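# Structure assessment
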Amino acid sequence: MNMDDLDRKSYDLIVIGAGASGMSAAIAFQKIRLLSGKEKGDVLILEKNERVGKKVLATGNGRCNLSNKDMELSHFHSHEADFPGRVLSGVTPSACLSFLSEIGIVTTSEGNKLFPMSKTSASVVDAFRYAMDDLDIKIATDAAVKNIVKENLFAVTCEDGRVFSSDLLIIACGGACASYTGTTGDGYKWLSRLGHKVFAPKPSIVQLLTDNSVTKALSGLRLDCELTLTADGNVVAEQYGEVLFTDYGLSGPAVLQVSGEVSRRMRKDRLTVPVKVSLRLFDEKTLLSIEEELMERRRTFASRPSEQFLLSILPQKIGAMLLKSALERPMSLPVSTITDGDIKKILSTMRSWNFQVLGTRSLEQAQTTIGGADCAEFSEETLESKLVSGLFACGEVLDVDGDCGGYNLTWAFASGILAGRSAAMLLSDKAEVSDGN
Ligand SMILES: Cc1cc2nc3c(=O)[nH]c(=O)nc-3n(C[C@H](O)[C@H](O)[C@H](O)COP(=O)(O)OP(=O)(O)OC[C@H]3O[C@@H](n4cnc5c(N)ncnc54)[C@H](O)[C@@H]3O)c2cc1C
């Protein structure tokens, strides 16, 4: 069919958004039609971008970390705490991997993280494109949806004035982060207008803004360490991994992983409680041997300037900055002036180097969105709206966010498959009712 003709007819199903969840939903819909001995449905995906799967291309630094061997439900978050688990018991993470394998995506692991064997996200998008083509799923790109009205059918109006109509509608337009991939929170407006409650979007898997007097001086340097996040004096997250010092604060995998816990404690760009990051650079056994080494150095290197006191224990710049934070005294003074108490302070800073958190960077820099459409208003068995019949939502537009490590794509695939599958079953039920009349 000519692309210009796409708006001249009514569809069984329109999916808004050709991201991980929308493409999964459209494919699952057609597969269920075929499995139940029916004709393929008339399915149209409306995508704002000039191409499909733009965000998938950006995932995992272009390598697409699409799942994880550790699928503890604690990696998924929502105001409806049990909702992600219930959906993931309907379409399990291993069912998602089978779905991916059926469309030609084979995986490999790096630790617990799963990637396509090619380690390129472009191959994942290609597999989806070929599968959609095989299943006669029509795709309109450069089709930014502006509004949705539900009367007898759904009427979906695009920015360019085209109007598309369908029996069933799946909103899969993502969250509000990384707008350069096409996601600008449009789904929240439509869902609100249709009567749904939407939790305000907040960034997650995002860098932290901290008091930057130390981090700016160390900008670009990395450390492997144990990170502890405390809020109002209570430990709320712990993570071992790489931390990157930056001009504005802290980044790196360990920081991104705990960032959601900071966002959840923010209201209108302000923290509601004091939040602190502590970095433990060494375990207790290593600290004991460092203590002995420092006592020895005080004798052997007595006349050297203090700034060389941690030579080869830490990278030079980091060591000098840690000394400055711990001792607050001129580093030009000789090592001989360092007291036992000073050594205790150095060890204590190595045990717990503290950074006051001021907030997070914005949604634009984030990898996922906290908040979105209230899951309580969607069936956990079908993902159909409890307020508008024939309307489904999946992926990041719903109030579910996952940790860093393949959890967000798993949620997108699983919820997309469930929404597509449920929409196909609803269409069959409707057809049976009208045949019976
Ligand atoms: C840089 C980056 C790296 C990431 N890496 C990983 C990773 O390695 N592993 C992981 O699990 N997760 C990762 N994520 C998160 C993951 O990519 C998302 O959570 C997931 O892709 C969400 O899928 P979705 O289908 O809900 O939304 P999206 O993939 O965002 O797709 C939504 C689609 O809807 C379209 N759309 C939006 N508004 C409209 C409109 N008005 N009209 C028509 N179309 C519209 C958008 O253009 C987009 O194509 C990463 C995210 C980012 C930003």
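Model, not experiment: these values are computed from the prediction.

## Quick word on the packing of helix α8 (residues 284–300) against helix α10 (residues 340–351)
Running from N to C, α8 and α10 cross one another at 150 degrees; their axes reach a closest spacing of 11 Å. Put simply, α8 runs roughly antiparallel to α10. In this structure, α8 crosses over α10, and the sense of that crossing is right-handed. Listed contacts from α10 to Glu284, Leu287, Ile290, Glu291, Leu294, Met295 and Arg298 of α8 are Asp340, Ile343, Lys344, Ile346, Leu347, Met350 and Arg351. Along the lines of polarity and charge, the residues of the contact of α8 with α10 split into eight nonpolar, no polar and six charged.

## Remarks on the domain arrangement of the protein chain
Examined at the domain level, the protein chain breaks down into domain 1 (3–203 + 367–436) and domain 2 (207–361). The C-alpha centroid of domain 2 is placed 42 Å from the C-alpha centroid of domain 1. Between domain 1 and domain 2, the residue contacts involve eight residues of the former and eight residues of the latter. Note on domain 1 versus domain 2: buried area summed over both sides is about 660 Å², and carbon and sulfur give 44% of it. Broken down residue by residue, the surface that domain 1 buries against domain 2 is led by Lys202, Pro203 and Cys404, which jointly contribute 58%. A salt bridge links Asp401 to Arg264, with the shortest nitrogen-to-oxygen separation between them at 2.9 Å. In this structure, the connection of domain 1 to domain 2 is made through five residue pairs in polar contact (both at pLDDT 80 or more). Its residues placed into classes, the side of domain 1 that touches domain 2 shows three nonpolar, two polar and three charged.

## A closer look at the environment of Gly85
Within the element layout of this structure, Gly85 appears in helix α3 (residues 83–90). Taking the relative accessible area as the measure of exposure, Gly85 reaches 17% and is therefore buried. Separated by 121 residues in sequence, Gly85 and Val206 have C-alpha atoms that sit 24 Å apart.

## Some points on the side chain of Ser278
Along the chain, Ser278 falls in strand β18 (residues 275–280). Here Asn354 takes part through its side chain, which lies 2.7 Å from a polar atom of the side chain of Ser278. Residues in contact with Ser278, not counting those within four places in the same chain, are Glu226, Leu227, Thr228, Ser352, Trp353 and Asn354.

## With respect to the packing of helix α1 (residues 20–35) against helix α5 (residues 121–134)
Between α1 and α5, the shortest axis-to-axis distance is 10 Å and the interhelical angle comes to 35 degrees. Relative to α5, α1 is oriented so that their crossing is left-handed. Between α1, through Met23, Ser24 and Ile27, and α5, the contact on the second element is made entirely by Phe128, Ala131 and Met132. Residue composition of the contact of α1 with α5, by class: five nonpolar, one polar and no charged.

## Some thoughts on α5
Taking 1.5 Å as the rise per residue, α5 with 14 residues should run 20 Å; its terminal C-alpha atoms sit 20 Å apart, in good agreement. Of all the residues in α5, the buried ones are Ser121, Val124, Val125, Ala127, Phe128, Ala131 and Met132. An end-on view of α5 places all buried positions within 155 degrees of arc, on one side of the element. Projecting away from the buried face of α5 at angles above 90 degrees are the exposed residues Tyr130, Asp133 and Asp134.

## Thoughts on the site of the ligand
Around the ligand, 36 residues are found, and the nearest of them are Ser21, Glu47, Asp186, Glu396 and Leu409. Separating an oxygen atom of the ligand from a side-chain N or O atom of Ser21 is a distance of 2.7 Å. Within the side chain of Asn49, one N or O atom sits 3.1 Å away from an oxygen atom of the ligand. When the free accessible area of the ligand is taken as 1000 Å², the share hidden by the protein chains comes to 96%. Listed by contribution, the elements that provide at least two residues to the shell around the ligand are α1, α2 (54–58), α6 (186–193) and α11 (407–436). The greatest single-element share of the shell around the ligand, amounting to four residues, is contributed by α11.

## A look at the packing of aromatic side chains
Scanning the entire structure with this criterion turns up six aromatic pairs. For the ring pair Phe245 and Trp353, a centre distance of 6.0 Å and an interplane angle of 55 degrees mean the geometry is tilted. Here Trp353 lies in strand β19 (residues 353–360) and Phe245 lies in strand β14 (residues 234–245), a separation of 108 residues in the sequence. Exposure remark for Trp353: the relative accessible area of 2% places this residue in the buried category. For the pair Phe245 and Phe355, a centre-to-centre distance of 6.2 Å together with 55 degrees between the ring planes defines the contact as tilted.

## Concerning the sheet that holds strand β6 (residues 113–116)
Taken in spatial order, the three strands of this open sheet run β3-β6-β5, and their pairing is antiparallel. Bordering the open sheet on either side are β3 (67–68) and β5 (107–110), each of which pairs with just one other strand. In the sheet, β3 pairs with β6 via two bridges, with the strands oriented antiparallel. When the bridges of β6 are listed, Asn68 appears paired with Lys113.

## Let's talk about unusual backbone geometry
Even without being a glycine, Asp232 presents a positive backbone phi close to 55 degrees. The residue Asp232 is located in the loop between β13 (222–231) and β14 in this model. Its identity as a non-glycine residue notwithstanding, Glu328 has a phi of 45 degrees, on the positive side. Mapped onto the elements of the fold, Glu328 is located in the loop between α9 (316–327) and α10.

## Observations concerning the pairing of β19
In the case of a regular strand, side chains alternate between the two sheet surfaces. Note: strand β12 (residues 208–210) against β19, three bridges, orientation antiparallel. Bridged to Leu209 within β19 is Gly359. By the bridge criterion, five bridges tie β18 to β19 in an arrangement that is antiparallel. Pairing of Lys276 across the sheet is with Gln356, part of β19.

Cut-offs and rules
- Residues numbered from 1 in each chain as written.
- Predicted model: local features only at pLDDT ≥ 70, side-chain atom pairs only at ≥ 80, totals over all residues.
- Heavy atoms only, no water.
- Axes fitted to C-alpha atoms, helices over the stretch in contact; angles between N-to-C directions.
- Helix = DSSP H or I, 4+ residues; strand = E, 2+ residues; numbered from the N terminus.
- Parallel < 35°, antiparallel > 145°, perpendicular 65-115°, else oblique.
- Left-handed = near helix turned anticlockwise from the far one by under 90°.
- Contact = heavy atoms within 4.5 Å.
- Nonpolar A, V, L, I, M, F, W, Y, C, P; charged D, E, K, R; others polar.
- Domains from an automatic or database assignment.
- Buried area = accessible area lost by both parts, 1.4 Å probe.
- Salt bridge = Lys/Arg side-chain N within 4 Å of Asp/Glu carboxyl O.
- Polar contact = N/O pair within 3.5 Å; in protein donor to acceptor, adjacent residues only side chain to side chain.
- Buried < 20%, exposed > 50% of the residue type's maximum accessible area, 1.4 Å probe, protein only.
- Expected span 1.5 Å × (residues − 1).
- Arc of directions from axis to C-beta.
- Near = heavy atom within 4 Å.
- Areas by Shrake-Rupley, 256 points an atom, 1.4 Å probe, with all protein chains shown as cover.
- Phe/Tyr/Trp six-rings, centres within 6.5 Å; stacked < 30°, edge-to-face > 60°.
- Pairing = 2+ DSSP bridges.

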